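A look at the structure
These are the residues of each chain, in order.
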Amino acid sequence: MKRIPAWQRLLNLVLVGIALLFFLFPVYWMINTALKPPNEWLTNPPIFFPHHIYLTNFSQALIHWGGLKGLWDSLVVSVGATALSLVAGVLGAYAIARYNVGGNNFSFFVLSVLFFPPVVVSIPMFQFWRSVNLIDTFPAMVVQYSSFTVPFVTWILKGFFEDLAIELEESAMVNGATRWQAFWDVALPSVKGSVVATALLAFIFSWNAFTFAVILSQGHITTLPYILPTLMEGHYVLWGDIAAIATLAVVPIVVLAFVLQRYLVRGLSFGTIRESL
Amino acid sequence: MSGLAVNEVKKSYGPVEAVKSVTFTLEQGQLMCLLGPSGCGKTTTLRMIAGLEFPDSGDILLGDRRLNALEPRERRIGMVFQGLALYPHMTALQNIGYPLKVRRMAQAEIATRVNAIASTLGIAHLLARRPSQLSGGEQQRVALARALVQEPELFLLDEPLSALDAKVRTVMREEIRNVQKRLNITTVLVSHDQLDALSMADMIAVMKDGQVQQLGSPHDIYYQPANTFVAQFIGEPTMNLLDGELGSTGHLTFLGHTISVGAARSQSEPVVVGLRPQDFVALRHPTHELLEFEGKIVSTQPQGPDIVMRILLRDNTLVVLLPWTHPWSEGDTIRLGFPSVHMHLFNRYSGERLPESPNALREEG
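Concerning the packing of helix H2 (residues 56-64) of chain A against helix H12 (residues 239-259) of chain A
Residue and element names in this part refer to chain A.
- Viewed as axis vectors pointing N to C, H2 and H12 meet at an angle of 75°, and their least axial separation amounts to 8 Å. The angle between H2 and H12 falls in the class roughly perpendicular. Here Asn 57, Phe 58, Gln 60, Ala 61 and Leu 62 of H2 come into contact with H12, specifically with Gly 240, Asp 241, Ala 244, Ile 245, Thr 247 and Leu 248.
- Each residue belonging to the contact of H2 with H12 can be placed in one class, and the counts come to 6 nonpolar, 4 polar and 1 charged.

Structure below.
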């Protein structure tokens, strides 16, 4: 191993420190604000550490502003959209990778769905869901969110299935498996890590989805991204309450990422699944 | 228990004829090696037998069953793939047991059978490990066990040794052959390595361009190659091929020698003479029993007990393999002898073996 000179290591540390500061400061400021009483939100000079822990923002956010319901609604929609995307995406990706379904350009078409911004389809989708009387319902939200996460999951997993040696499934079939069993017993478990990692990303996309939430909700189903801007009133912004909701919104993602971290690193580093072939 | 018959099997991919027409039969318990360079159609032939590809025409019969239209799982075959195709998320035990589990055999029965085959192959102590925790040879054994655990009627091996290093290869050749004989299972092996074929097979089919060039025992293939392709594909170093002329009097002329090889014929014929590097001997004194050549050593390549040398001789370069009994070096002149019974004669245009080829076997037998 080549020894890295001290000044270079120091430089590395400094650069990493700057990057961390850039990304972590807003998080810190969010938590900091969430713990301060209203008269300390916007002071000059700013207060970097709350004088005492002030939890009223959280109780306000959870109860008064509907944060608790927001968490629940976000959870239902995100879990629903992720589950739907996994079923459709895994099967779709396998079909494209192994059977070239839809011809050579189909997979690119799937990818291209990700190219256009949600706002492009917002008006027609709104009209559509209203005309079928499903506006502001869980099924509409789940399906609408999936319109983005299904292509995403399909596209990512297609690559992983293509990287998987087809010999594995062929061997399963020679050993007595049907095509479905070869997929279920051998191909799918071989890309399990990637499926978990992709599912987590799909969950995060759904959790953060703002445009669809605003378009499809009329106040009945209120996901967290939908609630946040309602706290910015014309003449006064409730920074502490917003920060409290935002903090709560981050918690489930952090917990999930922590629980699944061993899949995240391995599952998304392409090419590692061939190791034993 | 059943033999295998492959009858005029053909397979094209668009305009590419991968397998032009392959026919062979294999008796119960025999091992056939499909041998050839990459792209010769040997793997496609094997995959058609396995049911992973379907032939355009022709028949594949196992015993009295016609396999053509059957799915792989209905064929009762065991197969070892080139990359072994061990399932990375399963232990060795689960890998070997998979063919039984997928056929819904009872757990207890699976355990008994897996343990039996694992002991046969000497891997009973490794069953709890995953493929990534096994060495190359051990992985190989697990793959063999998985293919054999279901007691298939036909055993297929696609380049099973290509991932192994030289030492393990030698061991596994013997191992595979032993297991195959003990279970008395009809086997087709695909390889590009002539040593695999010569050391393991009862029958060899040498293939090129989607066709069988020669079908025969390893001994036949080595001592009576049917054409120049087989002659040069089998044997290491490669057989020397030299231009000669077969005269109407039945005399062969090449490299300054004229010898009688057969009866008189209607007209003279241009031929190719094949000389295996191993059949040369170094001479100190002239002798009249052997064809004699004198040439200059161009390069030497000692290989332990033997030495391979390139000899320049009348504008031809010959490769010879001799016991390393003398410290030959480049630039030396060397006197070589060659017993004419070991010559192979081929038609210069078609490359086919000529009936005038001396038959060393008959004379020595």
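Next comes the rest of the account.
What to know about the nonpolar core
- By size, the foremost hydrophobic cluster in this structure holds 58 residues, and its most contacted members are Phe 161 of chain A together with Leu 4, Leu 156 and Val 188 of chain B.
- Per element, the largest residue contribution to this core is 6 residues, and it comes from helix H6 (residues 138-163) of chain A.
- Apart from residues no more than four positions distant in its own chain, Leu 4 of chain B is found in contact with Phe 24, Thr 25, Leu 26, Ile 49, Ile 60, Leu 61, Leu 62, Leu 154, Thr 186 and Val 188 of chain B.
- Formed by 44 residues, the second largest nonpolar core is a distinct cluster that contains Ile 117, Val 142, Met 172 and Ala 201 of chain B.

Quick look at a nonpolar patch on the surface
- On the surface, a nonpolar cluster with roughly 770 Å² of combined accessible area is contributed by Trp 7, Leu 10, Leu 11, Leu 13, Val 14, Leu 15 and Ile 18 of chain A.
- Assignment of secondary structure puts Ile 18 of chain A in helix H1 (residues 6-34).

Description of the sheet that holds strand E12 (residues 251-254) of chain B
Residue and element names in this part refer to chain B.
- Taken together, the 5 strands give an open sheet; going across it, the order is E13-E12-E11-E14-E20, and neighbouring strands pair in antiparallel fashion. Each edge of the sheet is formed by a strand with only one pairing partner; in this case those strands are strand E13 (257-260) and strand E20 (344-347). Each adjacent strand pair in this sheet contributes to an overall mean axis angle of 35°, direction not counted.
- In this structure, strand E11 (residues 240-246) lies alongside strand E14 (residues 269-275), joined through 7 bridges in antiparallel fashion. Across the sheet, residue Glu 245 finds its bridge partner in E14, namely Pro 270.

Brief notes about the confidence of the model for chain A
Residue and element names in this part refer to chain A.
- When pLDDT is averaged across chain A, the result is 88; 95% of the residues are at 70 or more.
- Averaged pLDDT values over the elements of chain A bottom out at 74 in helix H13 (residues 261-268) and peak at 96 in helix H7 (residues 167-174).
- Under a pLDDT of 50 for its full length, residues 270-277 has, in the predicted model, 21 contacts with residues more than four places off or in other chains.

Considering the interface of chain A and chain B
- On the side of chain B, 26 residues touch chain A, which itself brings 19 residues to the contact.
- When chain A packs against chain B, close to 2000 Å² is buried across both sides, 56% of that on carbon and sulfur atoms.
- Counting every contact that joins chain A to chain B gives 1 salt bridge.
- The salt bridge involving Glu 170 of chain A is made with Arg 47 of chain B; its shortest N-O contact spans 2.7 Å.
- At the level of elements, H7 and helix H8 (179-190) of chain A are the ones that each hand at least two residues to the side of chain A that touches chain B.
- Sort the elements by how many residues they give to the side of chain A that touches chain B and H7 of chain A lands first, with 7 residues.
- Residues that form the side of chain A that touches chain B fall into these classes: 8 nonpolar, 7 polar and 4 charged.

With respect to the sheet that holds strand E16 (residues 291-302) of chain B
All names here are of chain B.
- Taken in spatial order, the 5 strands of this open sheet run E15-E19-E16-E17-E18, and their pairing is antiparallel. The two strands at the open ends of the sheet, each matched to only one other strand, are strand E15 (281-282) and strand E18 (316-323).
- Where E16 meets strand E19 (residues 333-338), 6 bridges bridge the pair, whose relative direction is antiparallel. Looking at the pairing, Glu 294 lines up with Arg 335 of E19.

Here's the deal with the pattern of salt bridges
- Enumeration over the complete set of coordinates arrives at 21 salt bridges over all chains.
- Here Lys 69 of chain A makes a salt bridge to Asp 73 of chain A, at a shortest N to O gap of 2.6 Å. Here Asp 73 of chain A and Lys 69 of chain A lie together in helix H3 (residues 67-99), a separation of 4 residues that amounts to about one turn.
- Among the ionic pairs, Asp 196 of chain B bridges to Arg 169 of chain B, the shortest N-O distance being 3.3 Å.

Details of the environment of Ser 217 of chain B
- The residue Ser 217 of chain B is located in the loop between strand E10 (211-216) and helix H7 (218-223) in this model.
- Distance in space between the C-alpha atoms of Ser 217 of chain B and Cys 33 of chain B is 9.9 Å, their sequence separation being 184 residues.

A few points about the packing of helix H4 (residues 136-148) of chain B against helix H5 (residues 166-183) of chain B
All names here are of chain B.
- Taken N-terminus to C-terminus, the directions of H4 and H5 make an angle of 20°; their axes are 11 Å apart at the nearest point. In terms of orientation, H4 lies roughly parallel with respect to H5. Considering only the axes of H4 and H5, their crossing is right-handed. For the pair H4 and H5, contact is made by Gly 137, Gln 140, Arg 141, Leu 144 and Leu 148 and by Val 168, Val 171, Met 172, Glu 175, Ile 176, Val 179 and Leu 183, respectively.
- Class assignment of the residues belonging to the contact of H4 with H5 gives a composition of 8 nonpolar, 2 polar and 2 charged.

Examining the pairing of strand E7 (residues 154-158) of chain B
Residues and elements named next belong to chain B.
- With 5 of 5 residues buried, E7 lies mostly within the body of the structure.
- Every second residue of E7 is oriented toward a common face, with Leu 154, Leu 156 and Asp 158 on one face and Phe 155 and Leu 157 on the other, all of them buried.
- Strand direction decides the pairing type here: strand E6 (residues 77-80) and E7, joined by 4 bridges, are parallel. By the bridge assignment for E7, Val 80 is matched with Leu 157.
- With 5 bridges connecting them, E7 and strand E8 (residues 186-191) associate as parallel partners.

Cut-offs applied
- Residues numbered from 1 in each chain as written.
- Chains lettered and ligands numbered in written order.
- Predicted model: local features only at pLDDT ≥ 70, side-chain atom pairs only at ≥ 80, totals over all residues.
- Heavy atoms only, no water.
- Axes fitted to C-alpha atoms, helices over the stretch in contact; angles between N-to-C directions.
- Helix = DSSP H or I, 4+ residues; strand = E, 2+ residues; numbered from the N terminus.
- Parallel < 35°, antiparallel > 145°, perpendicular 65-115°, else oblique.
- Contact = heavy atoms within 4.5 Å.
- Nonpolar A, V, L, I, M, F, W, Y, C, P; charged D, E, K, R; others polar.
- Core = buried A, V, L, I, M, F, W, Y, C linked by side-chain atoms within 4.5 Å.
- Buried < 20%, exposed > 50% of the residue type's maximum accessible area, 1.4 Å probe, protein only.
- Patch = residues over 30% accessible without salt bridge, like charges linked within 9 Å, V, L, I, M, F, W, Y side chains within 5 Å.
- Areas by Shrake-Rupley, 256 points an atom, 1.4 Å probe, with all protein chains shown as cover.
- Salt bridge = Lys/Arg side-chain N within 4 Å of Asp/Glu carboxyl O.
- Pairing = 2+ DSSP bridges.
- pLDDT = per-residue confidence, 0-100.
- Buried area = accessible area lost by both parts, 1.4 Å probe.
- Left-handed = near helix turned anticlockwise from the far one by under 90°.

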